[in-house]
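A closer look at the structure
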Amino acid sequence: MRLLVLSDIHGNYEALKSLLPYIKEVDKVLCLGDIVGYGCAVNECIDLVRTYNFVCIRGNHEQYVIEGTDNQPKYLNESVLWGIQYAKKVITQEHLKWLNSLPLTMGGRFDGLSILMAHGSPFDPINGYVYENNTDFSLWESFQFDYLFIGHTHRTLSHQLGTGGLILNPGSVGQARDFEGKACAAILDTQARVVKCLRVDYDYQKHLDLSISHGAGEWVYKHYRTLLSK
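In what follows, the accompanying structure is described. Only a predicted model underlies this, so the values are computations on that prediction, with no experimental measurement involved.

Quick notes on the state of the cysteines
- Counted according to the given criterion, the structure contains 0 disulfides.
- No disulfide involves Cys 40; its nearest neighbouring cysteine sulfur is the one of Cys 45, lying 10 Å away.
- Exposure remark for Cys 40: the relative accessible area of 7% places this residue in the buried category.
- Summary of cysteine pairing: Cys 56 is not part of a disulfide, and the nearest cysteine sulfur, belonging to Cys 31, is at 4.1 Å.
- Taking the relative accessible area as the measure of exposure, Cys 56 reaches 6% and is therefore buried.

Set out below in structure tokens:
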């Protein structure tokens, strides 16, 4: 079985559709949350996710759309607030109902392998940030899973646990912060137990132009500065 693992689409339809060749050829797509937020193609992204029957969990941006932003435990900057306000304005009621049905975490077996999915971390699914240099991975040894898939940081991470499990962040589809202008994801071959990282080009300028046309601020360029300066 081949599993496409992805996260943090963030309303970037140009990035998401660049992965269609992989979406169509794998057996299942696992989505680790944040389909919405930042970007403007809210319904288009959810349409594609639902059309191809992704296995999805909820991210913090889904949580903000559902709960609102006023009483969140963390500071939300201008870009987050704008993206959530825009998503709440344009999302269809059917898609909002679907977002509300998504679980915070999910565990299951795929082709005999045990997999745990969480957006931030299993300890804090909504607000946890897992980086190589800020995490006590010994605490993760209690999770008896072959693979622990996480997102949220928009950066790729792969960490092998002493118990044999692999923690994997596939990076961000729609707003990669380590590979500018790339749609990042990963494919797991469950038979070979091999993970292949994907970094796919997409029309990021079209995505940025769409955001600006709907009133987004200059912050939309933040994670594309190296590319735009060439």
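Thoughts on the pattern of salt bridges
- This model, assessed by the stated rule, comprises 6 salt bridges.
- Linking Arg 2 and Glu 25 is a salt bridge whose minimum nitrogen-to-oxygen distance equals 3.3 Å. One end of the pair, Arg 2, is in strand S1 (residues 2–6); the other, Glu 25, is in helix H2 (residues 20–25), with 23 residues separating them in the sequence.
- Looking at Arg 2, the relative accessible area reads 29%, which means it is partly exposed.
- Glu 25 sits in the partly exposed class, given a relative accessible area of 45%.
- For Arg 50, the salt bridge identified is with Glu 94, shortest N-O distance 3.2 Å. With Arg 50 in helix H3 (residues 42–51) and Glu 94 in helix H6 (residues 93–100), this residue pair connects regions lying 44 residues apart in the sequence.
- Look at the salt bridges and you will find they share partners, linking Glu 14, Lys 17 and Lys 206 into a network.

Topic: the packing of H3 against H6
- Two elements in contact, H3 and H6, have axes separated by 11 Å at closest approach and are oriented at 60°. Between H3 and H6, the angle is such that the two are oblique. For the pair H3 and H6, the sense of crossing is left-handed. Residues Asn 43, Ile 46, Asp 47, Val 49 and Arg 50 of H3 pack against Glu 94, His 95, Trp 98 and Leu 99 of H6.
- Across the contact of H3 with H6, the residue classes tally to 4 nonpolar, 2 polar and 3 charged.

Details of empty space enclosed by the protein
- Using the criterion set out here, one finds 1 cavity of 30 Å³ or more in the structure.
- Its volume calculated, the largest cavity comes out at about 110 Å³.
- For the largest cavity, the lining is made up of 13 residues, of which Tyr 38, Gln 175, His 207, Trp 219 and Val 220 are closest to its centre.
- Partitioned by chemical class, the residues of the lining of the largest cavity number 5 nonpolar, 7 polar and 1 charged.

Thoughts on the side chain of Thr 153
- Along the chain, the position of Thr 153 falls in the loop between strand S6 (147–149) and strand S7 (156–160).
- A polar atom in the side chain of Thr 153 sits 3.1 Å from the side chain of Asn 169.

Re the pairing of strand S10 (residues 194–201)
- Here 8 bridges tie strand S9 (residues 182–189) to S10, and the two strands are oriented antiparallel to one another. Bridge pairing in S10 links Leu 188 to Val 195.
- As consecutive antiparallel partners, S9 and S10 are separated by 4 residues, and within that stretch Arg 193 has a phi angle of approximately 55°, a positive value.

Basis of the calculations
- Residues numbered from 1 in each chain as written.
- Predicted model: local features only at pLDDT ≥ 70, side-chain atom pairs only at ≥ 80, totals over all residues.
- Heavy atoms only, no water.
- Disulfide = S-S within 2.5 Å.
- Buried < 20%, exposed > 50% of the residue type's maximum accessible area, 1.4 Å probe, protein only.
- Salt bridge = Lys/Arg side-chain N within 4 Å of Asp/Glu carboxyl O.
- Helix = DSSP H or I, 4+ residues; strand = E, 2+ residues; numbered from the N terminus.
- Axes fitted to C-alpha atoms, helices over the stretch in contact; angles between N-to-C directions.
- Parallel < 35°, antiparallel > 145°, perpendicular 65-115°, else oblique.
- Left-handed = near helix turned anticlockwise from the far one by under 90°.
- Contact = heavy atoms within 4.5 Å.
- Nonpolar A, V, L, I, M, F, W, Y, C, P; charged D, E, K, R; others polar.
- 1 Å grid on protein atoms, 1.4 Å probe; cavity = no way out; pocket = protein on both sides within 12 Å on 5 of 7 lines; lining within 4 Å.
- Points joined across faces, edges and corners; volume = space filled by probe spheres on them.
- Polar contact = N/O pair within 3.5 Å; in protein donor to acceptor, adjacent residues only side chain to side chain.
- Pairing = 2+ DSSP bridges.

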